[in-house]
Amino acid sequence: MKNLIKVSIFTITVLMVLNIKGTPALEVTRLTVDNAVDIAMKRSYRIKQIELGIARTRYWLKAERAGLKSKVFMNLRAPEFNAVSDYKWNSTLQIDEIIRQNTRRWQMDISVRQPVILLGYPTNGYLSLNNKIYRYYQKEDIEEDVDYYNRFFIKFEQPILRPNELKNDIENAELSVEREELDYIRDIVNLSNSISFDFYNLFGLVYRNTIYSHYVEDLENILKIAQTVALEDTTRKIEEIQANLELTNAREMQLKNFNRLRQRMQNMKLRLRMDVQDSILVKHDIVLNPIEIDANQALQYGYTMRPHLRLQYIEKRRREIRLNNAKGWDAFHLNLEMTLGLEKNEDRYQAIWEEYDNSYSVSINAYIPIWDWGRRKAWVGAEKVNVKRADLNIEENRNSLKSSIVNTITNLKDYQQRALNLKESVTMAQEICDMSIQQYKENRISLQGVLQVINRQRNTGINFLDAYLGYRRSLQQLKSLTYYDYETGESLLDRYRPES
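Only a predicted model underlies this, so the values are computations on that prediction, with no experimental measurement involved.

Draft legend 1. Local environment of the sheet that holds strand β7 (residues 333-346). Read across the open sheet, the six strands follow the order β2-β3-β4-β5-β7-β8; overall the sheet is antiparallel. Looking at the sheet topology across the chains shown, the edges are occupied by β2 (71-90) and β8 (357-367). Taking the axes of each pair of neighbouring strands and ignoring which way they run, one obtains an average angle of 25° across the sheet. Of the strands in this sheet, β3 (95-118) and β4 (121-140) touch helix α4 (residues 165-232), which is tilted by about 120° from β4.

See below:
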C-alpha cells in the first residue's frame, strides 16, 4: 500500500503539473520540504537585505573598537590672514580703542591620541602626545614682527562624574551587531516555517488527489459490476444508476481538489520566484517517528535560544544605556586637563629647536547646575519608565511563550498518536475495500454495503492525512518556538548563525 501511494503521488503529480497549461515545462523541480526552504532563502530579497545589514553593523562595531586605539592627526593653518579693525581696551588710557590688525599665521599641530584604558576598561579619558609649531607675522604701520613658536607636550584629559560615552558607544555597537544577527536568524526561521507550511498544504492536496483517484477507481469497478448485474437482472437496474451517480460525485470531488492543487502550485512558484511555466514535482515520504518532548527542556530552549526574547533583553540593555547617558545630561561634572612639555618662542626659526623652556598647565572645569525647573529629572524619569516597560514586555512574552509551547506540545502528542493509530487502519481499510468489491461481484454483499465500505476507506485516508499534517505542523511550530530541531537534535541558532 505504501509503495502504491508513493507511485501514485509521483505519477499523478507529474501528469497534473506537466499538463496544467498544456505547454512543455521549462524546468522540472523535484520539490521537498528541505529544498523548498533552500530555494526560498537563496532568492529572498529580505534575507539579502538582512545580510547587508549585518555587514553594515559589523563595520560600525569595527569603527567603534578602532576608537580604543591610537589616532594620529594633523591640523594645518596655512595660512591664516587677518587684516581687520576691532576695538580693544587700552588700560593706560582707560578707554576702548579701534585697532587695526594685520597678521599672518602658518601653524601646524600634530597629535597622537590614545584613550586611557585600565585593566581593559576604557575610562573615557585621553592621553595625547602633541607638537605645536607656528610662524606668526605682525605688521603695524612700517614695523614688522615675526615670531616662531615650538612646543612638545603630553596632554591628559579626563571627564569626572560623567557617563562613560566611549564604553557605551562600543557596547551599543556590539548590541547592534548581535541584534542584526538575531534578526537574520529569526527571518530565516520564519521564512523556513512559512515555506514548510505551504509545502505541507501542497502535499496534502497531492495526497488527497491520490485518495480520490483510488476512490474513483473503486467506483468504476463497482459500476462495471453493476452494469453486468443489470444486464443479467433488469430489476437491479437501479444499482447501475446509483453507482453511476456515486462515480459522478467522486469525479467532481477529484476535479475540485485538482483545481485547488493547480492554484496552490502556482502560488508556490510565485513564493519561490520560479518561472510560471516551470513544473513542480512534489516528493515527500511519510515518516512517523515517535518523538518524546520534555516540556521543561522545551521551555528552557524557548527562553534561551528564541531570538525574540533575546532581542527584548538587548532592547532593555539599550534603554539602560540611554538611562545612564541621561543621568549625565545637565548634571554636575568636572573636566580635568593637564599638560607637561617643552616650548620655545624666538624670532629666528633655527632658535626654536634649541634650549627649550619647561611648560605645564593644569585646569579643572566644573559645571554646576543650579535650577532647571525639573528638566533633567523629567529626562531621567522618562528613561526609567522605558526600562520598566522593557521589563514588562519581557515578562509578558515569557508567559505567552510558555503557554504557546505547552499547547503546541499537547497538540503534537495528540496528532502523533492519532497518526500512528490511523497508519495501520489505512492499509486495513484498503484490504477490506478490495474484499468488499469482490463480495459484491459475487453477490454476497449489497451495493449499499460496498459503498459504505469504500466511503469509510476514503474517510480513513483523509483522517490519516489530517492527523499527519497536524503532526508535521505542530512539530514545525514547536521548532519555531524553541529554535530546536527535535528530528535532528540541532539548535537552529547554530544551523543558521551567519559567518563572521
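Draft legend 2. A look at the confidence of the model for the protein chain. On average, the protein chain scores 86 in pLDDT, and the residues at 70 or more come to 94%. Segment residues 1-22: pLDDT under 50, and 40 contacts once partners within four positions in sequence are set aside and those in other chains are kept.

Draft legend 3. Structural view of a nonpolar patch on the surface. A grouping of Ile160, Leu161, Phe332, Ile368, Ile370, Trp371 and Trp373 is seen on the molecular surface, where their side chains present a nonpolar patch of about 930 Å² in accessible area. Within the secondary structure layout, Trp371 lies in the loop between β8 and α8 (375-441). For Trp371, a relative accessible area of 64% translates into the label exposed.

Draft legend 4. Just the packing of helix α2 (residues 33-43) against α4, in detail. The N-to-C vectors of α2 and α4 enclose an angle of 130°; their axes lie 9 Å apart at closest approach. It follows that α2 is oblique to α4 by the angle criterion. The interaxial crossing formed by α2 with α4 has right-handed handedness. Counted together, Val33, Ala36, Val37, Ala40 and Met41 of α2 and Ile188, Leu191, Ser192, Ile195, Ser196, Phe199 and Tyr200 of α4 form the full contact between these two elements. By residue class, the composition of the contact of α2 with α4 is 10 nonpolar, two polar and no charged.

Draft legend 5. Quick look at the pattern of salt bridges. In the structure shown here, the tally under the stated rule is 28 salt bridges. Two residues, Lys132 and Asp109, come together in a salt bridge whose shortest N-O distance is 3.3 Å. One end of the pair, Lys132, is in strand β4; the other, Asp109, is in strand β3, with 23 residues separating them in the sequence. Judged by its relative accessible area of 25%, Lys132 is partly exposed. The salt bridge partner of Lys167 is Glu171, with a shortest N-O separation of 3.6 Å. Here the residue Lys167 and the residue Glu171 both occupy positions in helix α4, the gap between them amounting to four residues, near one helical turn. When its relative accessible area of 25% is taken as the criterion, Lys167 is described as partly exposed. The exposure class of Glu171 is buried, given its relative accessible area of 17%. Connected via shared salt-bridge partners are Lys167, Glu171, Arg317 and Glu320.

Parameters and conventions
- What you see as residue numbers is a count from 1 along each chain, following the sequence as written.
- It should be noted that, the model being predicted, local features are given only for residues of pLDDT at least 70 and side-chain atom pairs only at 80 or more, the latter also being counted only at that level, while totals for whole chains, interfaces and linings use all residues.
- To get the side-chain values, all heavy atoms of the structure are used, and hydrogens and water are removed first.
- At least two DSSP bridges between two strands are needed for those strands to be called paired.
- What counts as a helix is a DSSP run of H or I of at least four residues, what counts as a strand is a run of E of at least two, and both are numbered from the N terminus.
- Axes, fitted as lines to C-alpha atoms, cover a helix only where it is in contact. Angles between the N-to-C directions of the axes lie from 0 to 180 degrees.
- Residue contacts are counted whenever heavy atoms from the two residues lie within 4.5 Å of one another.
- Confidence of the prediction at every residue is given by pLDDT, a number between 0 and 100.
- Exposure above 30% relative accessible area and no salt bridge define the residues that can form patches, which grow by joining like charges within 9 Å and nonpolar side chains of Val, Leu, Ile, Met, Phe, Trp and Tyr within 5 Å.
- Note on areas: these come from Shrake-Rupley sampling with a 1.4 Å probe, and a residue is covered only by the protein chains present in the view.
- Salt bridge criterion: a side-chain nitrogen from Lys or Arg within 4 Å of a carboxyl oxygen from Asp or Glu.
- Buried means the residue's accessible area, taken with a 1.4 Å probe over protein chains only, is under 20% of the maximum for its type, while exposed means over 50%, and partly exposed covers the values in between.
- Any angle from 65 to 115 degrees is called roughly perpendicular, while one under 35 is roughly parallel, one over 145 is roughly antiparallel, and all others are oblique.
- By definition, turning the near helix anticlockwise from the far helix through less than a right angle yields a left-handed crossing, and turning it clockwise yields a right-handed one.
- Only Asp, Glu, Lys and Arg are considered charged in this grouping, and only Ala, Val, Leu, Ile, Met, Phe, Trp, Tyr, Cys and Pro are considered nonpolar; every other residue, Gly among them, is considered polar.

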